[in-house]
Amino acid sequence: MIAAFLKIKTRPGKQQKFIEFLVEEGDALGGAEPGTLRFDVFADGENQTLLYEGFADEAAFEAHKDGEYYQRGHGDLSEECVESVEVLMRLRAANWFSQ
């Protein structure tokens, strides 16, 4: 399993729109991307959003990046809503290293 923690700073007045998209994306990923294990969104109500993503393996992460929601989230919507993205951490599960 691999996991990523991201800090997303949204543009003023755009956090709600971006969170609505992330929640929709999270709901859709379960069926569309079986390798996506976690997709959790946390927000401070201002302009900071934290995203936790978990994937079964690198192939699942790559499939996610090729998917519709990833493309939408990194296209016009990102341009409109996102000021910056910081990858806080990207980890592999401890037992993954022993495989």
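Above this text you will find the structure in question.
Overview of the structure. (Residues numbered from 1 in each chain as written. Predicted model: local features only at pLDDT ≥ 70, side-chain atom pairs only at ≥ 80, totals over all residues. Heavy atoms only, no water.)

## Some details on the overall build of the protein chain
In step 1: Each helix and strand counted, the protein chain has five helices and four strands in total.
In step 2: What you see in the protein chain, going N to C, is helices and strands ordered as β-α-β-β-α-α-α-β-α.
In step 3: On C-alpha atoms alone, the protein chain measures out to a radius of gyration of 14 Å, which is about the 13 Å that the 2.2 N^0.38 rule sets for 99 residues.
In step 4: By the burial criterion, 34% of the 99 residues in the protein chain qualify as buried.
In step 5: Of all intrachain contacts in the protein chain linking residues separated by at least 6 positions in sequence, the fraction that spans at least 24 positions is 74%.
In step 6: A total accessible area of about 6000 Å² is found for the protein chain, and carbon and sulfur atoms account for 52% of it. (Helix = DSSP H or I, 4+ residues; strand = E, 2+ residues; numbered from the N terminus. Rg over C-alpha atoms; globule rule 2.2 N^0.38 Å. Buried < 20%, exposed > 50% of the residue type's maximum accessible area, 1.4 Å probe, protein only. Contact = heavy atoms within 4.5 Å. Areas by Shrake-Rupley, 256 points an atom, 1.4 Å probe, with all protein chains shown as cover.)

## Notes on helix α1 (residues 15-32)
For an α-helix the count is 3.6 residues per turn, leaving residues at separations of three or four pointing the same way.
In step 1: Between its terminal C-alpha atoms α1 stretches 25 Å, which fits the 26 Å expected from 18 residues at 1.5 Å a residue.
In step 2: Looking only at α1, the buried set comprises Q15, F18, I19, F21, L22, E25 and L29. (Expected span 1.5 Å × (residues − 1).)

## Quick look at the packing of aromatic side chains
In step 1: Counted by the stated rule, this structure contains four aromatic pairs.
In step 2: Here the aromatic cluster, defined as three or more aromatic residues joined through ring pairs, consists of F18, F21 and Y69.
In step 3: Positioned above the aromatic ring of F61 is the side chain of R90, whose terminal nitrogen or guanidinium carbon lies 4.6 Å from the ring centre. (Phe/Tyr/Trp six-rings, centres within 6.5 Å; stacked < 30°, edge-to-face > 60°. Lys NZ or Arg CZ within 6 Å of the ring centre and 35° of its normal.)

## Examining a nonpolar patch on the surface
In step 1: Taken together, F5, F42, L50, L88, M89 and L91 make up a surface patch of nonpolar side chains, about 510 Å² in accessible area.
In step 2: Element by element, the count of residues in the nonpolar patch is highest for strand β4 (residues 82-92), at three residues.
In step 3: Mapped onto the elements, F42 comes out in strand β2 (residues 36-43). (Patch = residues over 30% accessible without salt bridge, like charges linked within 9 Å, V, L, I, M, F, W, Y side chains within 5 Å. Salt bridge = Lys/Arg side-chain N within 4 Å of Asp/Glu carboxyl O.)

## Remarks on the sheet that holds strand β3 (residues 48-55)
In step 1: Read from one edge to the other, the open sheet built from four strands follows the order β2-β3-β1-β4, with strand pairing classed as antiparallel. The two strands at the open ends of the sheet, each matched to only one other strand, are β2 and β4. Across the sheet, the mean angle from the axis of one strand to that of its neighbour is 15°, orientation sign disregarded.
In step 2: Where β2 and β3 come together, seven bridges link them in antiparallel fashion. Bridging across to β3, R38 finds its partner in G54.
In step 3: Sitting on the sheet, α1 touches β1 (2-10), β2, β3 and β4, and the angle it makes with β2 is about 160°.
In step 4: Sheet strands in contact with helix α2 (residues 58-66) are β1, β2, β3 and β4, and its direction is about 130° off that of β3. (Pairing = 2+ DSSP bridges. Axes fitted to C-alpha atoms, helices over the stretch in contact; angles between N-to-C directions.)

## Focus: α2
In step 1: Those residues of α2 lying buried are A60, F61 and H64. Buried residues of α2, seen end-on, are gathered within an arc of 100° and therefore sit on one face of the element. What points out from α2, more than 90 degrees from its buried face, is the exposed set A59 and D66.
In step 2: Those residues of α2 hidden inside the fold are in contact with β1, α1, β2, β3, α3 (68-73) and β4.
In step 3: Backbone nitrogen of A59 and a side-chain oxygen of the N-cap are separated by 3.3 Å at the start of α2; the cap is D57. (Arc of directions from axis to C-beta. Polar contact = N/O pair within 3.5 Å; in protein donor to acceptor, adjacent residues only side chain to side chain.)

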